[in-house]
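Each chain, written out:
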Amino acid sequence: MKLKLLLLLFAFGVNAQPTLLSWNLQNLGESKSDSTLRFIASQIKDYHIIALQEIVTNPSGAQAVAQLTDLLNRTGNKWSYAISDPTSSSAYKTERYAYLWQTAKVKLIGKPWLEKKYAQEIDREPFYATFQYQNKQFTVVNFHAITKKRQPETEIKYFKYLPEQYPNLNLIFVGDFNCPETHTVFNPLKKMGYQPAFENQKTTLRSKCIQQDCLASPYDNIFYHTQKIKIKQKGIIPFHENFKSLNQARKISDHIPIWITFDLL
């Protein structure tokens, strides 16, 4: 127990690099019980910035984010949050995004915003937030793509224009792309110097485990510019292993969280 605590202090201590976690929480809102929210808080409390996708647009979504932040505040650190307006899609499923962050670790710069320029081309337009760690800033671009059946590459292709649209921002693309990082749609970003933090890392839960393999598809990822950011550590949180069955785990989400620890260059 003492060794585990020391490792956590080493990884997430006062002088440690910033940590960023992304999680699709599958219809976060009234469907999540108090015990479910407490479990979610226990999984994310040691990270500095949390990017959440798939928050329902009715009031229960914002209420769940506020409740989750309150639970995190009870763990010993001060947290704040920002939640987006509903995405503008009328043809598909509108949702909200959210950020939660430890205020002693990072500072929010300005007000987060939904991408407006490509709102017609991207059903659930990305949600941006700029943070400052020490004296350097970076902007997280939080995104939830349309499903594989609806061809997410048709909207991800517009991401190649975002670095040019925000030339002064250090963009980090995070979220559920419903598309593996090997897809050619990411090639323009890669040519610009962006790379995925994860390769062939499955992040969605199967309906049933197949020979103890419970993960299905490599859909969640984090894309960063290699000349501006250096990944120090990365990983997943296989929270489903805490449950006796996948049915129980899927009440939390059908995705597992991904995270990185990084240096700003």
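*Asks:* Please clarify how the packing of aromatic side chains should be interpreted in this entry.
*Replies:* Each aromatic ring pair is described using two quantities: the centre-to-centre distance and the angle formed by the ring planes. A complete count under the given rule lists 25 aromatic pairs for this structure. Look at Tyr-118 and Tyr-158: their rings are 5.5 Å apart centre to centre, the planes differ by 35°, and that puts the pair in the tilted class. With Tyr-118 in the loop between strand 5 (107-114) and strand 6 (127-133) and Tyr-158 in the loop between helix 4 (153-156) and helix 5 (162-165), this pair connects stretches of sequence that are 40 residues apart. Every member of this aromatic cluster is reached through a ring pair, and the members are Tyr-97, Tyr-99, Trp-101, Phe-127, Phe-131, Phe-138 and Phe-262. The side chain of Lys-234 reaches across the aromatic face of Phe-198, ending 5.9 Å from its centre.

*Asks:* Explain the confidence of the model for the protein chain here, please?
*Replies:* Detail in the predicted coordinates should be disregarded across regions flagged by low pLDDT. The pLDDT averaged across the protein chain works out to 93; a share of 93% of its residues lies at or above 70. Segment residues 2-15: pLDDT under 50, and 14 contacts once partners within four positions in sequence are set aside and those in other chains are kept.

*Asks:* Is there a simple way to think about the sheet that holds strand 1 (residues 19-28) in this case?
*Replies:* For sheets, the rule is that strands pair by backbone hydrogen bonds, running either parallel or antiparallel. Strand order in this open sheet of six strands is 3-4-2-1-14-13, and the pairing throughout is mixed. Each having just a single partner strand, strand 3 (79-83) and strand 13 (229-236) make up the two edges of the open sheet. Strand-to-strand twist across the sheet, computed as the mean angle between neighbouring axes with direction ignored, equals 20°. Where strand 2 (residues 49-55) meets strand 4 (residues 96-102), five bridges bridge the pair, whose relative direction is antiparallel. Pairing of Ile-50 across the sheet is with Leu-100, part of strand 4. Relative to strand 1, helix 2 (residues 34-44) is tilted by about 165°, and along the sheet it contacts strand 1, strand 2 and strand 3. Along the sheet, helix 3 (residues 59-73) makes contact with strand 1, strand 2, strand 3 and strand 4, crossing strand 3 at roughly 165°.

*Asks:* Explain helix 2 here, please?
*Replies:* Structural remark: α-helix, 3.6 residues per turn; residues separated by three or four positions point the same way. Residues of helix 2 that are buried include every one of Thr-36, Leu-37, Phe-39, Ile-40, Ala-41, Gln-43 and Ile-44, and no others. Those residues of helix 2 that are buried lie in contact with strand 1, strand 2, helix 3 and strand 3.

*Asks:* I keep staring at the sheet that holds strand 12 (residues 220-225) and nothing clicks. Help me out?
*Replies:* Taken in spatial order, the six strands make up an open sheet running 5-6-7-8-12-9, and their pairing is mixed. Two strands bound the open sheet, and with one partner strand each, they are strand 5 and strand 9 (194-196). Neighbouring strand axes in the sheet, compared pairwise and without regard to direction, differ in orientation by 20° on average. The pairing of strand 8 (residues 171-176) with strand 12 spans four bridges and is antiparallel. Pairing of Asp-176 across the sheet is with Asp-220, part of strand 12.

*Asks:* I would appreciate a short explanation of the side chain of Asp-220 in the present structure.
*Replies:* Along the chain, Asp-220 falls in strand 12. With no salt bridge to any partner, buried Asp-220 finds its closest opposite charge in Arg-124, at an N-O distance of 11 Å. In terms of polar contacts, Asp-220 uses its side chain to reach the side chain of Thr-203, at 2.5 Å. Within polar-contact distance, the side chain of Asp-220 engages the side chain of His-255 at 2.7 Å.

Parameters at a glance
- Residues numbered from 1 in each chain as written.
- Predicted model: local features only at pLDDT ≥ 70, side-chain atom pairs only at ≥ 80, totals over all residues.
- Heavy atoms only, no water.
- Phe/Tyr/Trp six-rings, centres within 6.5 Å; stacked < 30°, edge-to-face > 60°.
- Helix = DSSP H or I, 4+ residues; strand = E, 2+ residues; numbered from the N terminus.
- Lys NZ or Arg CZ within 6 Å of the ring centre and 35° of its normal.
- pLDDT = per-residue confidence, 0-100.
- Contact = heavy atoms within 4.5 Å.
- Pairing = 2+ DSSP bridges.
- Axes fitted to C-alpha atoms, helices over the stretch in contact; angles between N-to-C directions.
- Buried < 20%, exposed > 50% of the residue type's maximum accessible area, 1.4 Å probe, protein only.
- Lys, Arg positive; Asp, Glu negative; His and termini not counted.
- Salt bridge = Lys/Arg side-chain N within 4 Å of Asp/Glu carboxyl O.
- Polar contact = N/O pair within 3.5 Å; in protein donor to acceptor, adjacent residues only side chain to side chain.

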